[in-house]
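The primary structure of each chain is shown beneath.
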Amino acid sequence: MRYDIGIIGLGVMGSNFAKNLINCNVSISAFDVDVMKAETAFKDYNSDQIRINESVQELCESLKKPRKILLIIPAGKIVDDVLGDLRKYLSAKDIIVDMGNSSHLDTIAREEKLSNQGLRYLGCGFSGGELGALNGPSLMLSGDYDAYEKISAYLKKAAAKDKFGNPCIGYIGKSGAGHFVKLVHNGIEYAELQLISEIYGFLKNKLNMNNVEVSEVFKKVSKGILESYLLRLASIILEFKDPEFPENFLLNRIKGEVQQKGTGFMISLESIRLKAVAPSIITSVLVRFMSNEGNVSRYRNQSEVNANEKMLNESEFVEKLRICLVMLKHLIYQQGFDLIKKSNEHYNWNISINNLINVWKKGSILESEFLYEIDKYDLDKNNILDNENVSSRIREMSLALKEVVKTLTEHEAYCPLISTTYQYWLSMTDENNSLNIIQGMRDAFGSHTFELEDREGAYHTNWLESEGEKVLIKIK
Ligand code: 6PG
């Protein structure tokens, strides 16, 4: 028998995705370096459903042609090692899909190399974690379109379905586009996680709420446009009892030092390279670094505000918070979409934001009602902040944001994401841009020139010479 799909890597993600495909009547031939573990994981399946191979060569020989092989292995050198091995046994037109969190730059380079051999290499952003892999992930593919069509006939069956039954899988664009949008997804994921942690920190440390009370606030705000997987998850984590000390909450015993596998770091570097303004995403990455340096609570006793010292009307605050969160969410997504627009220019891609958010609607970590709401607007042509939901209420929403920032600041609450995002908003409202003084000073100390509001060209003047006539010298 020849099998439909090959899978290399049967860790939790790979095994769960294999099981998902088998449940959709797709036959799998798989390889993992730990053959014994792989055989044990699939001992209840029959050989028509899955074959566990002892080598990559055996795997390649067992597949229908053109062969379709999914790599579900960690990003990095291991991908190159596996590709080196695969090249020996594959032939022209065969398809390889990298489903790990690889950098789009690596994917572009690998595709180019493999295409010399006639192999078709697709990058696939794969979101949804272990449960998503089993029950339906969100899949963002890119590369050769014909190869996409061939593989997506199978992957569609296993992908999550949105509330209208559409599979959350999409062709994002050429080469590395799929992995790039997964990085953007993760950048937004980092920012949303950071936002939740700041609200939690304020409610817990400054308003003295216990876990259940904080969870109740999250449940109250997680309605309508703010209904989301991450807020639901936050409530579950908050209320989860410690298996070793059932009278306590497990969360209260978890260290506040946040790790990262590298996607947030990659998208932050990329945002700077593309000159895309993404301060909320970058801040969320920096906060994780700081948490590992011990900086976050080094001066813990210096706060002059004690918990509950500044009373506030809780229900009024929660309502304000809800409006503020809608505003923050738009501002965070705006940064993600700006990254995509800049990448379209830089890499000559044609990624459609509306197409992409359809893929994120279910199965992904960003799953939320918000995505259905913003999808009502043409986001490829328009700015997300110009959608009617926001533009008609922009004043009310920005005031709520300001009030929340004010309240948090008065309480000396640590809120780097919220305050950075607020400043990002202010950068768009600053009528009397003050940055002209920087241009003046740069020209004064380094003759770097400046442009004028009322005239074309680059100018310089002799700011510092005490003698002689002052003139504007046109340099360009
Ligand atoms: C997803 C997640 C997934 C993973 C992150 C974790 O969409 O399923 O983004 O890919 O959870 O990579 O990233 P950090 O370890 O960097 O937080």
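Along every chain, residues carry numbers that run from 1 in the direction the sequence is written. Two thresholds apply to this predicted model, a pLDDT of at least 70 for residue-level local features and 80 or more for giving and counting side-chain atom pairs, whereas whole-chain, interface and lining totals are computed over all residues. Only heavy atoms go into the side-chain values, all of them from the structure, while hydrogens and water stay out.

### Remarks on the side chain of Thr 107
On the secondary structure map, Thr 107 appears in helix 5 (residues 104–115). For the purposes of these results, a polar contact is taken to be a pair of N or O atoms within 3.5 Å, where, inside protein, one atom must be able to donate a hydrogen and its partner to accept one; residues adjacent in sequence count only when each atom of the pair is a side-chain atom. In terms of polar contacts, Thr 107 uses its side chain to reach the side chain of His 179, at 2.7 Å. Beyond its immediate stretch of four places on either side in the chain, Thr 107 contacts Ser 102, Tyr 121, Gly 123, Ser 175, Gly 176 and His 179. Here a helix means four or more residues in a row that DSSP labels H or I, a strand means two or more in a row labelled E, and each is numbered from the N terminus. Contact criterion: two residues are considered in contact whenever any of their non-hydrogen atoms come within 4.5 Å of each other.

### Points about the pairing of strand 2 (residues 28–31)
Only protein chains enter the accessibility calculation, which uses a 1.4 Å probe; a residue whose area is less than 20% of its type maximum is buried, one above 50% is exposed, and one in between is partly exposed. Residues Ile 28 and Ala 30 line one face of strand 2 and the alternating positions Ser 29 and Phe 31 line the opposite face, and both faces are buried. At least two DSSP bridges between two strands are required for those strands to pair. Summarising the sheet, strand 1 (residues 5–8) and strand 2 pair through four bridges and their orientation is parallel. Across the sheet, the residue bridging to Ile 7 is Ala 30, located in strand 2. For the handedness criterion, the strands are oriented away from the viewer, and a crossover whose path from the first strand over the helix to the second runs clockwise is classed as right-handed. What joins strand 1 to strand 2 is helix 1 (residues 12–23), and the crossover it makes is right-handed. Pairing of strand 2 with strand 3 (residues 50–52), which is carried by three bridges, proceeds in the parallel orientation. Of the residues in strand 3, the one forming a bridge with Ile 28 is Ile 50. The handedness of the strand 2 to strand 3 crossover, carried by helix 2 (residues 35–41), is right-handed.

### Things to note about the site of the ligand
The immediate surroundings of the ligand are formed by 15 residues, with Ser 127, Lys 182, Glu 189, Tyr 190 and Arg 288 found nearest. Asn 101 is positioned with one of its side-chain polar atoms (N or O) 3.0 Å from an oxygen atom of the ligand. Within the contact set of the ligand, an oxygen atom lies 3.0 Å away from a side-chain nitrogen or oxygen of Asn 186. When isolated, the ligand has an accessible area of 420 Å², and the protein chains bury 81% of it. The greatest single-element share of the shell around the ligand, amounting to five residues, is contributed by helix 8 (residues 177–206). Charged residues are taken to be Asp, Glu, Lys and Arg, nonpolar residues to be Ala, Val, Leu, Ile, Met, Phe, Trp, Tyr, Cys and Pro, and polar residues to be all remaining types, Gly included. Here the shell around the ligand is composed, by residue class, of two nonpolar, nine polar and four charged. We call a residue near a given molecule or strand whenever any one of its heavy atoms falls within 4 Å of it. Accessibility throughout is a Shrake-Rupley quantity obtained with a 1.4 Å probe, and a residue counts as covered only by protein chains that appear here.

### Notes on the domain arrangement of the protein chain
According to the domain assignment, the protein chain consists of domain 1 (5–175), domain 2 (183–429) and domain 3 (436–474). Here domain 1 and domain 3 have C-alpha centroids that lie 58 Å from each other. The domain boundaries here were taken from an automatic or database domain assignment.

### Brief notes about helix 9 (residues 211–221)
Residues Asn 211, Val 214, Ser 215, Val 217, Phe 218 and Val 221 constitute the buried set of helix 9. Angularly, the buried residues of helix 9 cover 155 degrees about the axis, an arc narrow enough to put them on a single face. Where helix 9 is buried, its residues touch helix 8, helix 10 (229–239) and helix 13 (314–347). Two or three places before Val 212, at the start of helix 9, stands the capping residue Asn 210, its side-chain oxygen 3.1 Å from that residue's backbone nitrogen. Our arc is simply the arc of the directions from the helix axis toward the C-beta atoms.

### Notes on the pattern of salt bridges
When a carboxyl oxygen of Asp or Glu lies within 4 Å of a side-chain nitrogen of Lys or Arg, that pair is called a salt bridge. Following the criterion strictly, the structure yields 27 salt bridges and no others. Put simply, Arg 253 and Asp 242 hold a salt bridge, and the shortest N to O gap is 2.6 Å. With Arg 253 in the loop between helix 10 and helix 11 (263–273) and Asp 242 in the loop between helix 10 and helix 11, this residue pair connects regions lying eleven residues apart in the sequence. A relative accessible area of 2% places Asp 242 in the buried class. The partner of Glu 244 in a salt bridge is Arg 253, and the shortest N-O contact between them spans 3.0 Å. On the basis of relative accessibility, which here comes to 45%, the residue Arg 253 falls in the partly exposed class. Where salt bridges share partners, they join Arg 120, Asp 144, Asp 146 and Lys 150 into one cluster.

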